[in-house]
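In case you want the letters, here they are:
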Amino acid sequence: MTLDTVKHAEQSPEAAQPWKDLGLKQDEYERIREILGRRPTGAELAMYSVMWSEHCSYKSSKVHLKQFGEKAPQTDALLVGIGENAGVVDVGQGYAVTFKIESHNHPSYIEPYQGAATGVGGIVRDILAMGARPVAVMDPLRFGAADHPDTKRVLPGVVAGVGGYGNCLGLPNIGGEVVFDPCYQGNPLVNALCVGVMRHEDIHLAKASGAGNKVILYGARTGGDGIGGVSVLASETFDATGPSRRPAVQVGDPFQEKLLIECTLELFREKLVTGIQDLGGAGLSCATSELASAGSGGMRVELDSVPLRDATLSPEEILMSESQERMCAIVEPGKVDRFLEICEKWDVIATVIGEVTDGTRLEIFWHGEQIVDVPPRSVAHEGPTYERPYARPDWQDALQADDAGKLPRPASGAELREQVLAVVASPNQASKAWITGQYDRFVQGNTVLAQPEDSGMIRIDEETDLGVAIATDGNGRFAKLDPYAGAQLALAEAYRNVAATGAKPLAISDCLNFGSPEDPAVMWQFAEATRGLADGCLALGTPVTGGNVSLYNQTGEAAIHPTPVVAVLGVIDDVNRRTPMAFTDEGHLIYLLGDTREEFGGSAWSQVVHDHLGGLPPAVDLDREKLLGEILISASRDGMIDAAHDLSDGGLIQAVTESCLRGGLGARLVVPDGVDAFTFLLSESAGRAVVAVPRSEELRFTDMCGARGLPVTRIGVIDGEAVEVQGEFSIPLTELRDAHEATIPALLA
Amino acid sequence: MARVVVDVMLKPEILDPQGQAVQRALPRLGFAGISDVRQGKRFELEVEGPVDEAALARIREMAETFLANTVIEDFNVKVES
Amino acid sequence: MARVVVDVMLKPEILDPQGQAVQRALPRLGFAGISDVRQGKRFELEVEGPVDEAALARIREMAETFLANTVIEDFNVKVES
Amino acid sequence: MTARIGVVTFPGTLDDRDTQRAVRLAGAEAVPLWHRDKDLKQVDAVVLPGGFSYGDYLRAGAISRFSPVMATIIGQAEAGMPVLGICNGFQVLTEAHLLPGAMLRNNDLHFVCRDQKLRVETSGTAWTADFRAGQEISIPLKNIDGRYTADEHTLDELEAEGRVVFRYADRGAAADGYGNPNGSLRDIAGITNAAGNVVGLMPHPEHAVESLIGTGRSDGLGFFTSVLKKLVNA
Ligand SMILES: Nc1ncnc2c1ncn2[C@@H]1O[C@H](COP(=O)(O)OP(=O)(O)O)[C@@H](O)[C@H]1O
Ligand SMILES: [Mg+2]
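Position numbers for residues count from 1 along each chain, tracking the sequence in the order it is written. In the order they appear in the text, chains get letters beginning with A and ligands get numbers beginning with 1. Whole-chain, interface and lining totals are the exception, using all residues; otherwise, since this is a predicted model, local features are given only for residues with pLDDT of at least 70 and side-chain atom pairs are given and counted only at 80 or more. No hydrogens and no water enter the side-chain calculation; it runs on all heavy atoms of the structure.

Q: Help me understand the nonpolar core, please; the structure alone is not making it clear to me.
A: Side chains of nonpolar character tend, in soluble globular proteins, to be buried together. Core analysis: the largest hydrophobic core is formed by 89 residues, its most contacted members being Y218(A) and F339(A). Joining through side-chain atoms within 4.5 Å is the link that ties buried Ala, Val, Leu, Ile, Met, Phe, Trp, Tyr and Cys residues into a set, and such a set is a nonpolar core. Burial status follows relative accessibility: with a 1.4 Å probe on protein chains alone, a residue under 20% of its type maximum counts as buried, one over 50% as exposed, and anything between as partly exposed. Formed by 66 residues, the second largest nonpolar core is a distinct cluster that contains L93(D), W127(D), V198(D) and V209(D).

Right under this line is the structure:
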């Protein structure tokens, strides 16, 4: 086969090109021809097709994501915002924290272990590329019905993959989510978050500047696996019979990635790196075009110098390969030798593959012949933008009218007891210890809190005990009922979880998991959710630092519930002041913060007891969330409470159950005036938390709440070996424990 | 009772980190002249009853759907003599 | 270039939970008649130069000292035809 | 003069910095050792920390065992220098035949991470002098290849010579951190060589040295104070 050089392309304008097979639309192909003033070469076509895919270009979502910038709250904390590999937040004492959440949904359905493993690998490299040492990971997961046979294939593989990769990298897993719902059958969601820490002066950016600087590719050799994998796979719908295309899935090598981390951190320490980019989806196409696009000049690359695992790869394949565990750095010529030396020390292969030029073009050569000559921005940053049509689906009204408040409620204390046990034992509410016990949460020796606590917390300075906390949350059922409110509820819940541990929320990252953007109903959900999230972030003062969009989570006509997952990052000046969730002191008082209303739409109770989804989700009051957060943080700082747990799915009884089981002590609860026992225990009103208060602090605490206008109700005391609701029922802790802890092992072990 | 062996290897184009780690270690241990190592799995199945074409067809199906993930792996079924 | 295969299996007296897990899953997936499964490793070595007795002796030594841990594993070396 | 305790880093080692922290908290000087260096920098004792050296590819510890630093450590260990292998370090020690037996995949096939109760069986080693025989301690366990195996003869010999150093404590329910987590023969969590200077165990004392972090217990410090006392008194 003759090489399709730029010259050849100029001479053969009419040559047929496989743009359609590469996922491009007719008008997109026309635009490429227009940009270049000729037909693209095969290599150029490969680059444009992967970079203009939905996954890489955000072409359907861009117009909506804009709001995160437009409505961004004023804050000094944001050091690097949306657009870089990950956002960076100032957490004080000269430290900066970077974190981001990303999806690896489609590959994880096809090859659960490797799909999930490489999802962790990819997000870790993003964090590393910012100049930070990765310090923890989290994994929000969604699966089909817990008892569906395919869940037994997908879940254990995903969990083993998350653990296999993260454990081997030495990153503590400090939290996540496991949610089951039939809507995720065939479209499991595997989101992965990584957080990293650096000094302010160590922030690195993905740009190629300084003519004459060298472009160094380092890490694994490039192979033929996963060519177009992430980008193509994540950019179309699975048809009903399974994935319509099966490009090879990538296999991860966490050992190589661990070497890459240590090697890269040493390169940073010696200040050898001018610009840096990880290789993820779209591989070298992405890294070279993004570095050049963000930089000052052009770039010239000798593609034949890329070290290969398979000598027969064509230049197009090399450009599209998504082989894992690779990074690309821009290095001053005088520093190249030392750079290569450090790579050798870590057994990492490193190769100079090109240099920054004073031109404006990205030029790629293959054995001396030019095969790419493009304006890099047109590939990386000026891809197509769609204004996809969207419309509120016609079924939305009926769904919201189907009020969960009308569902039959328990008629007696005995029936209430039965339903409470059913809720805490249901797969979504049950203990996830069987899963999280497969993740290393101790490694690095800085884990202050990890699952099942409300947020994961990491000490980042051993002298001052400065720490950060992160929680991720999302509730697809709420978002289905009302995507705008659902997104805000996800934000509010993660915010509350961070505050509950005593940390001050600073910023968020999000992963927006939706169905096909070609369906106007899905696009409406997306538009509403992004609007809700942007408005919510403005109200709470927490900017969006970055995130990820995963579309086409859909089998045939059936889309997943709209599932915005939100990660909130907070800071705590002294991790010794953190508030854990366990009830550990007999006699301490239990207080409920916030208002309880009759809110059952989308609730765990409506799902478990009635298999029902309808009505409206709980009302959102972000001012209240903020106030609640402030109270929880003050109470932690001033030592007024010794346990706190946020209320979310499953309501108050779920939270009390978890705090009791964690501490090994029971609770005696009294139903407060003005609310019935059922609503008290199982409503899912937002903006609430339970806290344990020593008697000596009671007055100080209630006075503080009163002075700041937060409703606070004494609901009981930590006591005994049962959870007792006076006048209704009592459940021994052993019975609760069996119900809560046996479910997941019984389904999966 | 007959033994059927199913070998499962990563497809040639797929990265094999384990095989690579072994290969890279060999020269250090003083073993030269091995240009590539691939590591896979070997399943030894004890089969009740005769291993006729029908039995082998079932085992091939088992390998295809369960023992191997054919997105990344190839397999080979053989009767042990 | 010749290929030499080294099979490494756990010794018969050592518990093989991986093989057992496979075996236990088979009936659920509708495969009956497999009375035992053992899971081991298969190494495919690409050997430069002739695979004569000397080369095989070296590979046997490599298997004995490195590819297998003979405290728990047996191995078998064969030339692939 | 403070004792110098070397902490080895192989490619893929994870708990080296944690182990250095534990050594420092115990009052000794932590000396990083690099797998490619034969030189032990005149340390008085060595810890092989946990992790996935060489990705645990082939078998846990199998590739690291052949590194240059191990060649020196094997010689020094045979000459009496205290050596502690934690988790992956324990696996390296068995692969290097400094300790008998081998480690297999956990019998439930999963990675397990939990706070594990151990019974200290002997205080007669370089690393357990600060414990009492029969004492129960709690330190994190985290591994996937932690099932200790040896033939009956070897096991009998270990028992007879008092060389079983730690057992998984079996009182109470497994969920509280009691019980054998992986199917190790005779509940063995850690052993020593005949001289008592080389100890290997699967759980991680270096993750239990501070009151706030990890499990919030400091039962692991005793390992490092034990060896320190021995070195200072020597
Ligand atoms: N896949 C997972 N990985 C790690 N931790 C998890 C995972 N799933 C759940 N968790 C942890 O289990 C605990 C309970 O989860 P969840 O009930 O979703 O918390 P909440 O409702 O407070 O957000 C949390 O600490 C959470 O981080
Ligand atoms: Mg919570």
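Q: Looking at this structure, how should I read the interface of chain A and chain D?
A: The accessible area lost on association of the parts is a frequent measure of interface size. We call two residues in contact whenever any of their non-hydrogen atoms come within 4.5 Å of each other. Contact with chain A, which involves 32 residues of that partner, is made by 28 residues of chain D. Salt bridges are defined as contacts in which a side-chain nitrogen from Lys or Arg sits within 4 Å of a carboxyl oxygen from Asp or Glu. Summed over the shared surface of chain A and chain D, the number is 5 salt bridges. Contacts described as polar in this section are N or O atom pairs within 3.5 Å, which, within protein, must combine one atom able to donate a hydrogen with one able to accept it, while residues neighboring in sequence count only if both atoms come from side chains. Our count for the chain A to chain D interface comes out at 14 residue pairs in polar contact (both at pLDDT 80 or more). Elements represented by at least two residues in the side of chain A that touches chain D include exactly α8 (149–169), α10 (254–269), α13 (336–345) and β14 (447–449) of chain A. Its residues assigned to classes, the side of chain A that touches chain D comprises 12 nonpolar, 9 polar and 11 charged. Per the convention used, a helix needs a DSSP run of H or I reaching at least four residues, while a strand needs a run of E reaching at least two, with both numbered from the N terminus. Side-chain classes are defined by residue name, with Ala, Val, Leu, Ile, Met, Phe, Trp, Tyr, Cys and Pro counting as nonpolar, Asp, Glu, Lys and Arg as charged, and the others, Gly among them, as polar.

Q: How do you make sense of the packing of helix α2 (residues 26–36) of chain A against helix α3 (residues 42–51) of chain A when you look at a structure like this?
A: Think of two packed helices as two axes; the pair is described by the angle between the axes and how far apart they sit. Residue and element names in this part refer to chain A. Convention adopted: a line fitted to C-alpha atoms gives each axis, helices being fitted over their contacting stretch, and angles between N-to-C directions are expressed from 0 to 180 degrees. Running from amino to carboxyl end, α2 crosses α3 at an angle of 125°, the nearest separation of the two axes being 11 Å. The angle between α2 and α3 places the two elements in the oblique class. As for the relative orientation of α2 and α3, their crossing is right-handed in sense. Residues Y29, I32, I35 and L36 of α2 pack against E44, L45 and Y48 of α3. Grouping the amino acids of the contact of α2 with α3 by side-chain chemistry returns 6 nonpolar, no polar and 1 charged. We call two directions roughly parallel when the angle between them is under 35 degrees, roughly antiparallel when it is over 145, roughly perpendicular when it lies between 65 and 115, and oblique otherwise. Here is the rule for handedness: rotate from the far helix to the near one, and if that takes an anticlockwise turn smaller than a right angle the crossing is left-handed, while a clockwise turn gives right-handed.

Q: What should I look at first to understand the interface of chain B and chain C in this one?
A: Contact with chain B, which involves 33 residues of that partner, is made by 32 residues of chain C. Values labelled buried area give the accessible surface lost by two parts on being combined, using a 1.4 Å probe and summing over both. Counting the surface lost from both chain B and chain C, the interface buries some 2900 Å², and carbon and sulfur atoms represent 64% of this. When the buried area of chain B at its contact with chain C is split by residue, F31(B), R42(B) and F66(B) rank highest and sum to 21% of it. Linking chain B with chain C are 2 salt bridges. One salt bridge in this structure joins D7(C) and R42(B), with 2.9 Å as the shortest N-O distance. Inspection of the chain B/chain C interface yields 14 residue pairs in polar contact (both at pLDDT 80 or more). Listed by contribution, the elements that provide at least two residues to the side of chain B that touches chain C are β1 (2–10), α1 (17–28), β2 (34–47) and α2 (53–67) of chain B. In terms of residue count, the dominant contributor to the side of chain B that touches chain C is β2(B) (14 residues). Broken down by class, the residue content of the side of chain B that touches chain C amounts to 17 nonpolar, 5 polar and 11 charged.

Q: Quick question: what am I supposed to make of the coordination of the magnesium ion (ligand 2) here?
A: Ideal values differ by geometry: the angle at a metal is 109.5 degrees with four tetrahedral donors, but 90 or 180 degrees with six octahedral donors. Residue and element names in this part refer to chain A. Only N, O and S atoms count as donors, using a 2.8 Å limit from the metal and a wider 3.2 Å limit for Na, K and Ca, and since water is excluded some coordination spheres may look unfilled. The protein atoms that coordinate the magnesium ion (ligand 2) are D454 (OD), N497 (OD1) and D646 (OD), at distances spanning 2.2 to 2.5 Å. Positions of the donor residues of the magnesium ion (ligand 2) along the chain correspond to the pattern D-x42-N-x148-D. Separated by 43 residues along the polypeptide, D454 in the loop between β14 and β15 (456–459) and N497 in helix α19 (residues 483–500) bring together distant segments of the chain. The class for D454 is buried, based on a relative accessible area of 10%.

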